[in-house]
Amino acid sequence: MRAIGIDVGGTKVLGVVVDDGEVVAEHRVPTPTTGHALIASLVLVVRELRGVVADAAAVGIGLPGLVDRHGILRYAPNLPGVVELPVAREVAGALGLPVAVDNDATCALRAEHAMGAARAARDVVLVTLGTGIGAGLQMDGVVVRGANGFAGEAGHMVVEVDGIPCPCGRRGCWERYASGSGLGRRGREEGEAGRAPALVALAGGDPLAVRGEHVTVAARQGDEVALALVDEMADWTAVGLVNLLQLLDPGMFVVAGGLAEAADVLLGPVSAAYRRRAVSAEHRPPVDIVMAELGERAGAIGAAIFAATGAESAS
Ligand SMILES: [Zn+2]
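Residues numbered from 1 in each chain as written. Predicted model: local features only at pLDDT ≥ 70, side-chain atom pairs only at ≥ 80, totals over all residues. Heavy atoms only, no water.

Engineer: Hey, could you run me through the pattern of salt bridges in this one?
Structural biologist: Where charged atoms from two side chains of opposite charge come close, those side chains can pair. According to the stated counting rule, one finds 21 salt bridges in the structure shown. Among the salt bridges present, the one from E296 reaches R28, with a minimum N-O distance of 2.7 Å. Here E296 is found in the loop between β13 (288-291) and α10 (298-314), whereas its partner R28 is found in strand β3 (residues 22-30), with 268 residues between them in sequence. Using a relative accessible area of 32% as the deciding quantity, one classes E296 as partly exposed. Take R28: its relative accessible area is 37%, and that puts it in the partly exposed class. A network of salt bridges, in which partner residues are shared, links R185, R186, E189, E190, R195 and E232. (Salt bridge = Lys/Arg side-chain N within 4 Å of Asp/Glu carboxyl O. Helix = DSSP H or I, 4+ residues; strand = E, 2+ residues; numbered from the N terminus. Buried < 20%, exposed > 50% of the residue type's maximum accessible area, 1.4 Å probe, protein only.)

Next comes the structure, spelled out in structure tokens:
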């Protein structure tokens, strides 16, 4: 069955058409800043894709935040101004098509389990490291969504009491330290202090323009400041992964999201930090930390799979 899947990220809205496990069309637009504009963008992306593949009739949407079982985006810390947005109802009403909505990381998990890195796995934690951090959970072969559909908001687990302020309104959340945003923040701090000339150069000469990807690019080029920041970020990533290990006992971790594009510089440090921090590691079978195979498309592909196969059984 042909289905449309859309992933709403912190910076882009990415839509795909999936046909028998293959992506046959793709369209992307920047993520807008208001709920009204977000609905308009979602409708636009579907119309563009149906202009290419006219018979794609089921639509799935993955959203970054608290998505309830009625298709309402209740709260999205990294989409300021978007609250209590009835995404499923409004997009379905505009298009006249069925629309299924779920959390973006849960969608990525569905895709990686169906056709990516977690194909053979029964107990999986997928972590998206991007603008923020989300998690998709599968335990005993079943996707875990929680009482309201809100399970897996791992990015807002507090790892530093009274730490850095978070867009969620609290302090010390994991994603302030371990996401692409955390990496960019540390890069800007080092740049402003005059300690990171390579990062500032990559950002066009402005220390305040340094972002996470500048740090991973510089690390790949062997810049020592960037490599140290990656190590620091990897250690924070391991702190959260070990907390999830303690709670859930997964058989594998899959790392997805924007930072998965920098797997070559991140995976080694994250795995090393994880081994240092894992509790009672000598008494546990090793838990693989692997990169998502579907890259930045995982969430969109998973949303299409949800629309085509999973929406009814999961609702
Ligand atoms: Zn938070």
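Engineer: What exactly am I supposed to notice about helix α5 (residues 180-192) here?
Structural biologist: Given 3.6 residues per helical turn, the α-helix brings residues three or four places apart onto the same face. Over its 13 residues, α5 runs 18 Å from end to end, which matches the ideal 18 Å to within 8%, given 1.5 Å per residue. Every buried residue belonging to α5 is among G180, G182, L183, G184, R185, R186, G187, E190 and G191, and all of these are buried. Its side-chain oxygen placed 3.2 Å from the backbone nitrogen of S181, S179 serves as the N-cap of α5. Of the residues trailing α5, G194 is marked for its positive phi of about 80°. (Expected span 1.5 Å × (residues − 1). Polar contact = N/O pair within 3.5 Å; in protein donor to acceptor, adjacent residues only side chain to side chain.)

Engineer: Please explain the coordination of the zinc ion as it appears in this structure.
Structural biologist: Six octahedral donors around a metal ideally sit at 90 or 180 degrees from one another, while four tetrahedral donors ideally sit at 109.5 degrees. With distances of 2.0 to 2.3 Å, the protein atoms coordinating the zinc ion are H156 (ND1), C166 (SG), C168 (SG) and C173 (SG). Coordination at the zinc ion is tetrahedral: its four donor atoms span angles of 105 to 116° at the metal. (Donors = N, O, S within 2.8 Å, 3.2 Å for Na, K, Ca; no water. Tetrahedral: all angles 85-135°; square planar, octahedral: opposite > 155°, others 65-115°.)

Engineer: Looking at this model, I keep getting lost on the domain arrangement of the protein chain. Mind explaining?
Structural biologist: Frequently, the measure chosen for interface size is the accessible area that the parts lose on association. When the domains of the protein chain are assigned, the result is domain 1 (2-110 + 296-314) and domain 2 (120-292). Here the C-alpha centre of domain 2 lies 24 Å away from the C-alpha centre of domain 1. Taken together, the contacts link 22 residues of domain 1 with 24 residues of domain 2. Regarding the contact of domain 1 and domain 2, the summed buried area is about 1800 Å², with carbon and sulfur atoms giving 55% of it. Ranking the residues of domain 1 by area buried against domain 2 places R69, N78 and L109 at the top, with a combined share of 33%. Run the count over domain 1 and domain 2 and you get one salt bridge. Among the ionic pairs, D102 bridges to R145, the shortest N-O distance being 3.3 Å. Linking domain 1 with domain 2 are six residue pairs in polar contact (both at pLDDT 80 or more), by the criterion used here. Broken down by element, the side of domain 1 that touches domain 2 gets its largest block of residues, five residues, from helix α3 (residues 104-115). Residue composition of the side of domain 1 that touches domain 2, grouped by class: ten nonpolar, six polar and six charged. (Domains from an automatic or database assignment. Contact = heavy atoms within 4.5 Å. Buried area = accessible area lost by both parts, 1.4 Å probe. Nonpolar A, V, L, I, M, F, W, Y, C, P; charged D, E, K, R; others polar.)

Engineer: Got a minute to help me understand the pairing of strand β8 (residues 99-103) in this structure?
Structural biologist: Along any regular strand the residues' side chains alternate between the sheet's two faces. Most of β8 is tucked away, with five of its five residues classed as buried. With five bridges connecting them, strand β4 (residues 58-63) and β8 associate as parallel partners. Bridging from a neighbouring strand, I61 pairs with V101 of β8. (Pairing = 2+ DSSP bridges.)

Engineer: How should I be thinking about the environment of P64 in this particular structure?
Structural biologist: By the secondary structure assignment, P64 is in the loop between β4 and β5 (66-67). Judged by its relative accessible area of 18%, P64 is buried. In the structure, P64 is positioned 60 residues away from V124 in sequence and 19 Å away in space, judged by C-alpha atoms.

Engineer: Where do I start with the nonpolar core in this structure?
Structural biologist: Within soluble globular proteins, side chains that are nonpolar generally end up buried alongside one another. Counting 46 residues, the largest nonpolar core has V127, W174, L199, V215, L241, F253 and Y274 as the members making the most contacts within it. Where this core is concerned, the elements lending two or more residues are β9 (124-129), β10 (133-139), α4 (174-178), α7 (212-220), α8 (224-248), β12 (252-256), α9 (263-277) and β13. Look past the residues within four positions of V215 in its chain and what remains in contact with it is L183, G187, L199, V210, A226, L229 and V230. In terms of nonpolar packing, the next biggest core, distinct from the first, is built from 32 residues, V45, V53, V59 and L97 among them. (Core = buried A, V, L, I, M, F, W, Y, C linked by side-chain atoms within 4.5 Å.)

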